[in-house]
Number of protein chains: 2
Amino acid sequence: MNIADIHSPADIKGRSVNELTSICADLRKVLIQKLAAHGGHVGPNLGFLEATVALHYVFDAPTDRIVFDVSHQTYVHKMLTGRIRAFLDAACYDDVTGFTSPEESPYDLFAIGHTSTSVSLASGLAKARDLKGETHNVVAVIGDGSLSGGEAFEGLDYAATLKSNFIVVVNDNQMSIAPNEGSLYDNLALLRQTSGQATDNYFKSLGYDYLYVADGNNLESLIAAFRKVKDSTKPVVVHLNTEKGMGLPVAQEHKEAFHFHGPFDPVTGQASAPAAKGYTDIFAEKMLEAIKANPSTVVITAGVPGAVGFGPAQRAQAGKNFVDVGIAEEQAVAMASGLAKEGCTPVVAEPSTFIQRAYDQLSQDVSINRQSALFVTFYGSVWGMNDCTHLGFFDVPMISNIPGILFLAPTCVEEYLAMLEWAMAQKNTPVLVRTPGGRIVNRVGDFNVDYSTVGYETVRAGKDVAIIAAGDFLPLAQQAASLMEAKGLDPMVINPRYMSHLDTATLDSLRDFRLVITLEDNSVDGGLGQKIAAYLGSAPVNVKVLGLPKAFPDRYRAADLLASCGLTPEAIASLA
Amino acid sequence: MNIADIHSPADIKGRSVNELTSICADLRKVLIQKLAAHGGHVGPNLGFLEATVALHYVFDAPTDRIVFDVSHQTYVHKMLTGRIRAFLDAACYDDVTGFTSPEESPYDLFAIGHTSTSVSLASGLAKARDLKGETHNVVAVIGDGSLSGGEAFEGLDYAATLKSNFIVVVNDNQMSIAPNEGSLYDNLALLRQTSGQATDNYFKSLGYDYLYVADGNNLESLIAAFRKVKDSTKPVVVHLNTEKGMGLPVAQEHKEAFHFHGPFDPVTGQASAPAAKGYTDIFAEKMLEAIKANPSTVVITAGVPGAVGFGPAQRAQAGKNFVDVGIAEEQAVAMASGLAKEGCTPVVAEPSTFIQRAYDQLSQDVSINRQSALFVTFYGSVWGMNDCTHLGFFDVPMISNIPGILFLAPTCVEEYLAMLEWAMAQKNTPVLVRTPGGRIVNRVGDFNVDYSTVGYETVRAGKDVAIIAAGDFLPLAQQAASLMEAKGLDPMVINPRYMSHLDTATLDSLRDFRLVITLEDNSVDGGLGQKIAAYLGSAPVNVKVLGLPKAFPDRYRAADLLASCGLTPEAIASLA
């Protein structure tokens, strides 16, 4: 059949394995075409192609519930559930998101983007089914990489107690984004080596029946396995040994680089647009220097080394001073507390969207214990990841309100480096440094100050009107100030440096100004501007608080979102 | 020896088992005496008494690092490490906290109070040791109940990859606070039944050597086991089968009630002061009604049923409509999303201090997906738990700033019940209802309103001065208003109802007031008052924001803390 005619899973049901094999070949060809032209999650989707076809062939979605972990591997699922045009027609490539989306299709149960949640979410679906006396299958798909997350364990531990139909499909492609980290992966390796026969089976220890599929890219094996567990009345794990990037040699060879990739040449793998040097590179260089200077420096990440500048080369250079704990943010943060307790210098590097998985550890394990761990967040910015599931807007409200954490927002490379340097040298307080998210900014200034004394930087002296602009919104403030200047005003521009603490002396000096405008590159609720407004609540000065919305905008354009929040030089200047 | 002469673990080293047995008897006697007179964690400490003695007998703390999970089982540890007077002398009972505290003793490595953190914290200590080339033992003590927490799994999964000395002592007393929930516990049961011989051993699946101690209250067995693993060069789990409440019959019989208990008669177990009916009882009654009226209602808690009003009797009554997922807050929250997706009415009941373990799930699994789950927090108040590790002050800054969650703060029983009722009936939005923390308040009013339309309640009409008092600070505002009235003022008193959303119409009506005072029973940073101040930032009105500090005060007296924050009727009245 022509895959353009697949409108729903019904269109592939009842077909022969030969037909399905040919459909898979066509799906793969089209998928590679789109991936090469558009970019996306390359390896996960190619590796799970046959399994997706087999799932929809055997199970009856949406009556049977299929929850995909992270859901970055659902491109083929989308192709089979009425959205194939978004893969066939380049003009429609952006009609679908990169993750499951209930707004797109009833086959997509949840908007998901973080790892390790599918089993827990599915356990709720299963409990509801059992309460209502329904009988459909509940299937949770989860990658081996996601199994290291605590939520996945909590879900597995609980779901088996339902003692009813609950099918966990483990897509074991022997990779997380980067290589897997965790002792569990030795267990999975042993299970693969023994065709699932090894004792001390992790899944069996948690009460699951267990089925191993040695070739998880083989349709016949997959269909046979799924048929075997369909309508099971007990919790069961189907462990698939799949090949990440299957069918695209360059992706099979460079699994980490092709987990997610921008547009590329499908033969050579060459990126269509070479990456410019960014803050992650600057961070990694600084850390490698720090490790050399002080061998008790330990850079920690939770499953996302590449996203924080630590590709294979940097990891090799850092050696035992770089720790990837696997997708396990709670572990990363608590472990940092332990390292700091022994006088080491732990640096936890995480995208803003993922560090929110460790609120309690930041509060309890680190802050109450006043451990001098350093946290460095990335993509916490309007210019960061723009899927609704990956926004970085919330680290400021979430973390800056935890007692005892000094939350710093550098405005340029020089200040970033100085803050990292200072934070690593001191032993008194946990510190968070928010990596700027915009384009690289360089400034001349006196950044090597003692950040334990809260003080704002006056970037432009002025009177009557002050703009307090945090982090990478400083250039915006400077542009607005220029416009104000053109109107005959003399605005002050302030870099507040701190998102968690106020420089009350400087704020007091603004009490009789006409207007203070605050700008912050994060969700404005619970942020810095509101603290400043409260501090100046009894002063004559007017305070206007600007920042990103308290919302989950999806795949927005930064310029549009900024404009909708009044965050343009013109709109800001017009306030004065 | 007289236990009063134990000043450090050195004092018990080298003694015979007979001597140690007699020391244990004396420690137990003194411990029961204090527990009965003072209250505390009864079962955990009595059950781990011999193991604590054996640990300090075999290992050399503080050179060897011992990290206690939750650390509520460290009373005997404190008795052996220079703090026995706080157990012998009633006048000194409060000289020590109920948890480990580095401020008290170098034998206490961390201030801990939440579960499931010991392995992760200890992994940092072990990594530091290995980096520095040191050779001491690192021991993580963890209860069976704590193993269901994701952080414990993440820690176990990572720590074994260090492939160096790492000793996990599992104190398996076959109980969490309440009975254990999770399929892992079938595995532990099987290991106990087979004296540790069963295949599919959870700990072995994660790469640990494994040693089983059948009688975890037998000194000889314990000493032999700890000697065997001391200086191990590989990660190893020592699985102790202990008896919670050992040596106090009433605690052995009523394990859940005597996990933590106020002062009691050591023979009858009778509480010295009978518990008054509180908000947890009101909550549980309401939920049992709701379950009867709507069998798709599911009340979920993560390991703390008793703390939310669901003792054994209420659980029996609720049947399959009550779910304890074990200590697994991420699972509780994500599962609620799944239940709501299927049209059920999930109600997650958690102490404020513990729900902070599920920030990401509240944001991702629930809010982005706009699932109409209801969250009910407890002890989120100055009158809640007052150990620095158990404060409930932070739920407002943490959760009220997550987009899409309607955060309600009822001021009295009637409003509490109306909000719960409304939240369960609607299907549009996630809702959090913050259970009041002060004494029971009853009010007459029109509380059965549609809370989807944000609107404040005017409790007292007035002019010039307004007090906006959230949740259980309303009586405080009313008292302050009375004092203002006596000064000839006519203050308005407002119940804002919402911590997450502003009633802008009402706030606009206050723009030309002289003063708005906001009161909130939570850490003020990131809270409601700062939002109000920002909203009114350009209005002539002065705004004063009052609330609890951004700090982790330990074992404070509520009256003192309130006074230090200006939260007395007199101090508030003096602002006007």
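Residues numbered from 1 in each chain as written. Chains lettered and ligands numbered in written order. Predicted model: local features only at pLDDT ≥ 70, side-chain atom pairs only at ≥ 80, totals over all residues. Heavy atoms only, no water.

## Thoughts on the confidence of the model for chain A
- Mean pLDDT over chain A works out to 97, with 100% of the residues at or above the 70 mark.
- Model confidence for the complex: the whole-complex pTM is 0.97, and ipTM, which rates the interface, is 0.97. (pLDDT = per-residue confidence, 0-100.)

## With respect to the sheet that holds strand β5 (residues 235–241) of chain B
All names here are of chain B.
- With parallel pairing, the 5 strands of this open sheet are ordered in space as β1-β2-β3-β5-β4. Looking at the sheet topology across the chains shown, the edges are occupied by β1 (65–68) and β4 (209–213). Averaged over neighbouring strand pairs, the angle between their axes works out to 20° when direction is ignored.
- Across 5 bridges, the pairing between β4 and β5 is parallel. Considered in β5, the bridge of Tyr210 is made with Val237.
- Sheet strands in contact with helix α6 (residues 118–132) are β1, β2 (138–143) and β3 (166–172), and its direction is about 175° off that of β2. (Pairing = 2+ DSSP bridges. Helix = DSSP H or I, 4+ residues; strand = E, 2+ residues; numbered from the N terminus. Axes fitted to C-alpha atoms, helices over the stretch in contact; angles between N-to-C directions. Contact = heavy atoms within 4.5 Å.)

## Observations concerning the interface of chain B and chain A
- Facing the 107 residues of chain B at the interface are 107 residues of chain A.
- Seen at the junction of chain B and chain A, the total is 8 salt bridges.
- For B:Glu103, the salt bridge goes to A:Arg370, with nearest N and O atoms at 3.1 Å.
- Here chain B and chain A share 60 residue pairs in polar contact (both at pLDDT 80 or more) between them. (Salt bridge = Lys/Arg side-chain N within 4 Å of Asp/Glu carboxyl O. Polar contact = N/O pair within 3.5 Å; in protein donor to acceptor, adjacent residues only side chain to side chain.)

## Focus on the relation of the copies chain B and chain A
- At an RMSD of 0.0 Å, chain B and chain A line up after a rotation of 180° and a shift of 0.0 Å along the axis. With respect to symmetry, the two chain copies, as superposed, fit the operation of a two-fold axis.
- The fraction of interface residues of chain B whose copies in chain A are also interface residues reaches 100%, indicating that both copies meet through the same surface. (Least-squares fit on C-alpha atoms with pLDDT ≥ 70 in both.)

## Some words on helix α1 (residues 17–38) of chain A
Residue and element names in this part refer to chain A.
- Here α1 spans 30 Å end to end across 22 residues, near enough to the 32 Å set by a 1.5 Å rise per residue.
- Along α1, the positions that sit buried rather than exposed are Leu20, Ile23, Cys24, Leu27, Arg28, Val30, Leu31, Ile32, Lys34, Leu35 and Ala36.
- After α1 finishes, the residue Gly39 shows a positive phi value of roughly 80°. (Expected span 1.5 Å × (residues − 1). Buried < 20%, exposed > 50% of the residue type's maximum accessible area, 1.4 Å probe, protein only.)

## Some thoughts on the environment of A:Asn45
Residue and element names in this part refer to chain A.
- Among the secondary structure elements, Asn45 is positioned in helix α2 (residues 42–47).
- Between the alpha carbons of Asn45 and Leu190 there is a distance of 25 Å; along the sequence they are 145 residues apart.
- Sequence-distant contacts of Asn45, defined by excluding residues within four places in its chain, comprise Leu31, His72, Gln73, Thr74, Tyr75 and Val76.
- There is a polar contact of 2.8 Å between the side chain of Asn45 and the backbone oxygen of His41.

## What about the pattern of salt bridges?
Residues and elements named next belong to chain A.
- Counted by the stated rule, this structure contains 60 salt bridges over all chains.
- The partner of Glu104 in a salt bridge is Arg83, with the nearest N and O atoms 2.7 Å apart. Taken as a pair, Glu104 in the loop between α5 (85–88) and α6 (118–132) and Arg83 in the loop between α4 (75–80) and α5 lie far apart in primary sequence, 21 residues in all.

## Digging into helix α21 (residues 528–535) of chain A
- Within α21(A), 7 of the 8 residues are buried, which leaves it mostly tucked inside the rest of the structure.
- Along α21(A), the positions that sit buried rather than exposed are A:Leu528, A:Gly529, A:Gln530, A:Lys531, A:Ile532, A:Ala533 and A:Ala534.
- Against β13 (465–469), α20 (504–508), β15 (515–523) and β16 (542–548) of chain A together with α21 (528–535) and β16 (542–548) of chain B lie the buried residues of α21(A).

## Considerations on the nonpolar core
- Counting 238 residues, the largest nonpolar core has A:Leu519 and B:Leu519 as its most contacted members.
- Not counting chain neighbours up to four residues away, the residues in contact with B:Leu519 comprise B:Ile467, B:Ile468, B:Ala469, B:Ala470, B:Phe473, B:Leu476, B:Ala477, B:Leu546, B:Leu567 and B:Ile572. (Core = buried A, V, L, I, M, F, W, Y, C linked by side-chain atoms within 4.5 Å.)

## Describing the pairing of strand β13 (residues 465–469) of chain B
All names here are of chain B.
- With 5 of 5 residues buried, β13 lies mostly within the body of the structure.
- Burial along β13 is two-sided: the face carrying Val465, Ile467 and Ala469 and the face carrying Ala466 and Ile468 are both buried.
- Note: β13 against strand β15 (residues 515–523), 5 bridges, orientation parallel. Bridge pairing in β15 links Ala469 to Leu519.
- Pairing between β13 and strand β14 (residues 492–495): 3 bridges, direction parallel. Of the residues in β14, the one forming a bridge with Ile468 is Ile494.
- As a crossover connection, the stretch from β13 through helix α19 (residues 474–486) into β14 is right-handed. (Right-handed = clockwise from strand over helix to strand, strands pointing away.)

## A short note on the sheet that holds strand β6 (residues 297–301) of chain B
All names here are of chain B.
- Spatially, the 6 strands line up as an open sheet ordered β7-β6-β8-β9-β11-β10, and their pairing is parallel. The open sheet terminates on both sides in strands that have one partner only, identified here as β7 (322–324) and β10 (406–408). The mean angle between the axes of side-by-side strands here comes to 20°, regardless of whether they run parallel or antiparallel.
- In this structure, strand β9 (residues 374–378) lies alongside strand β11 (residues 431–434), joined through 4 bridges in parallel fashion. Looking across to β11, one finds that Leu374 is bridged to Val431.
- Lying on the sheet, helix α12 (residues 279–293) is in contact with β6, β8 (345–351) and β9; it crosses β6 at an angle near 145°.
- Here helix α18 (residues 413–425) sits on the sheet and contacts β6, β8, β9, β10 and β11; the angle it forms with β9, its principal contact strand, is near 155°.

## Observations concerning the side chain of A:Thr297
All names here are of chain A.
- Among the structural elements, Thr297 can be located in strand β6 (residues 297–301).
- Judged by its relative accessible area of 1%, Thr297 falls in the buried class.
- For Thr297, the side chain forms a polar contact with the main-chain oxygen of Ala290, separated by 3.4 Å.
- A distance of 2.7 Å separates a polar side-chain atom of Thr297 from the backbone oxygen of Asn294.

## Digging into unusual backbone geometry
Residues and elements named next belong to chain A.
- Residues Ala61 and Pro62 are joined by a peptide bond in cis, for which omega reads 5°.
- By the element assignment, Pro62 lies in the loop between α3 (49–58) and β1 (65–68).
- Positive phi, close to 65°, is recorded for Asp231, a residue that is not glycine.
- Within the secondary structure, Asp231 sits in the loop between α10 (219–229) and β5 (235–241).
- On the basis of relative accessible area, Asp231 is assigned to the partly exposed category, the value being 48%.
- Notably, Arg497 is not glycine yet its phi reads approximately 65°, a positive angle.
- Among the secondary structure elements, Arg497 is positioned in the loop between β14 (492–495) and α20.

## Examining the pairing of β6(A)
Residue and element names in this part refer to chain A.
- Judged by how many residues are buried, β6 sits mostly within the fold: 5 of 5 residues are covered.
- Every second residue of β6 is oriented toward a common face, with Thr297, Val299 and Thr301 on one face and Val298 and Ile300 on the other, all of them buried.
- Where β6 lies against strand β8 (residues 345–351), 4 bridges are found, and the strand directions are parallel. Residue Ile300 lies in a different strand from β8, and its bridge partner there is Val348.
- Where β6 lies against strand β7 (residues 322–324), 3 bridges are found, and the strand directions are parallel. Along β7, the bridge assignment pairs Thr301 with Asp324.
- What joins β6 to β7 is helix α13 (residues 312–318), and the crossover it makes is right-handed.

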